[in-house]
Amino acid sequence: MFALPRPAAPEAPHPRRRALLGLLPALALASAPPTRALAGGRSRLILSGPPATVSFPLIHMMESGALEPLARQIEFRLWTNPDQLRALALEGAVDIMAVPSNVGANLHNRGVPLTLLNVSVWGVLWMISRSPDMRTLADFRGMEIALPFRADMPDILFSLLAKHQGLDPKHDFQIRYVATPMDAMQLLLMRRVDHALLAEPAVSVALRKTHSFPLSAVAPDLYRSVSLTQEWGRVLSRPARIPQAGIAALGAAREDRALIDAVREAYARSQTWCEANPRECGERVSRHIEMVTPEAVADAMQASVRHLTSAREARPELEFFFEQLLADQPGLIGGKLPDAAFYA
């Protein structure tokens, strides 16, 4: 059994994270055993992902029947925070999983059998504000910001980009950490905070809700403010795209070349279909992720950076990102750059 891979953080684990770690035995019992290959295909193929754009093609792949030749049963399991992701990976409960790139690297470096297949998310993080005048992260100095997933992707990128602008994330901002993007969205809608860092589709959900009764009376004006993707390009003199997330194969699935090739090809076709048919994609996604609407999914597709590449092709940009983390908090990716086996 592998030791639970966790990114090191400069502070003690958040209480909510400690509670989630305590649920690992229950999660292990609830998880189905790993898929076993049968003659002519698998008995079951388990896909997993978060309520985010990286999961939209996975859901379309399942609903469209693209993977039916590979297994008798195709299942999608939603994870809603990085601790659930790590637990599922640790227990070998899924075959194909959407992962933030740093979490995938951390798991791989700590011995979990995980291979990154592609990178499909290159920019989905936005500052959402009641003020229409914010242009850079520096404009939020001294203000309270709701921020989900402490010590994971949103927090990592916010801190990294703030530091590159000479800002101290702990002292120049009032960070209010919350468990999920939807929690941050609710704080915005109820006017508990005026600014939040959100990922798509939570951004589009929030903007849609502010124009609908009865919430329009509570939160009449929210604005899509600073794009962290644009800040990345501006501050680091790089292309305006960040290799944030993709899909990975775990356990025995990573040794099945035919399965990996079929999944990568199906994912690319489904992403193209979703981009060409955002409303229809939204209708499919909303059947599996109840917190989003078809309209919000369509909005999220339009607002996201469109770029899909294999993990191997993305390796130079991934390594640049990982090197930034190594220089600041090396434990976030397991203390070293992942080796070549990480990149399919």
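That block above? That's the structure.
Values in this document were obtained by computation on a predicted structure and should not be read as measured data.

**Let's talk about the side chain of glutamine 324**
Along the chain, glutamine 324 falls in helix α13 (residues 311–328). Judged by its relative accessible area of 15%, glutamine 324 is buried. Looking at glutamine 324, its side chain comes within polar contact range of the side chain of histidine 164, at 3.4 Å. Those residues in contact with glutamine 324, other than ones at most four positions away along the chain, are Leu160, His164 and Trp232.

**Thoughts on the pairing of strand β12 (residues 245–250)**
It is a general feature of regular strands that their side chains alternate between the two faces of the sheet. Across the six residues of β12, six count as buried, placing the element largely inside the fold. Here three bridges tie strand β5 (residues 114–116) to β12, and the two strands are oriented antiparallel to one another. When the sheet's bridge partners are listed, threonine 115 is paired in β12 with alanine 249.

**A closer look at the packing of aromatic side chains**
According to the stated counting rule, one finds five aromatic pairs in the structure shown. Ring centres of phenylalanine 158 and phenylalanine 173 lie 5.1 Å apart, and the angle between their planes is 70°; on these two criteria the pair is classed as edge-to-face. Taken together, the positions of phenylalanine 158 in helix α6 (residues 153–164) and phenylalanine 173 in the loop between α6 and β9 (174–178) put the pair 15 residues apart, joining distant regions of the chain. Overall, the relative accessible area of 1% leaves phenylalanine 158 in the buried class. Phenylalanine 173 sits in the buried class, given a relative accessible area of 4%.

**Quick notes on the pattern of salt bridges**
Applying the stated criterion to the full structure yields 21 salt bridges. In this structure, glutamate 63 and arginine 284 form a salt bridge, with 3.7 Å as the shortest nitrogen-oxygen distance. Placement of glutamate 63 in helix α3 (residues 56–64) and of arginine 284 in helix α11 (residues 278–286) is noted, with a sequence separation of 221 residues between them. Of the residues examined, glutamate 63 reaches a relative accessible area of 27% and is grouped as partly exposed. For glutamate 319, the salt bridge is made with arginine 315, and the minimal N-O distance between the two is 3.0 Å. Here the residue glutamate 319 and the residue arginine 315 both occupy positions in helix α13, the gap between them amounting to four residues, near one helical turn. Shared partners join several salt bridges into a network, and the residues in it are Arg42, Asp95 and Asp256.

Parameters at a glance
Residues numbered from 1 in each chain as written. Predicted model: local features only at pLDDT ≥ 70, side-chain atom pairs only at ≥ 80, totals over all residues. Heavy atoms only, no water. Helix = DSSP H or I, 4+ residues; strand = E, 2+ residues; numbered from the N terminus. Buried < 20%, exposed > 50% of the residue type's maximum accessible area, 1.4 Å probe, protein only. Polar contact = N/O pair within 3.5 Å; in protein donor to acceptor, adjacent residues only side chain to side chain. Contact = heavy atoms within 4.5 Å. Pairing = 2+ DSSP bridges. Phe/Tyr/Trp six-rings, centres within 6.5 Å; stacked < 30°, edge-to-face > 60°. Salt bridge = Lys/Arg side-chain N within 4 Å of Asp/Glu carboxyl O.

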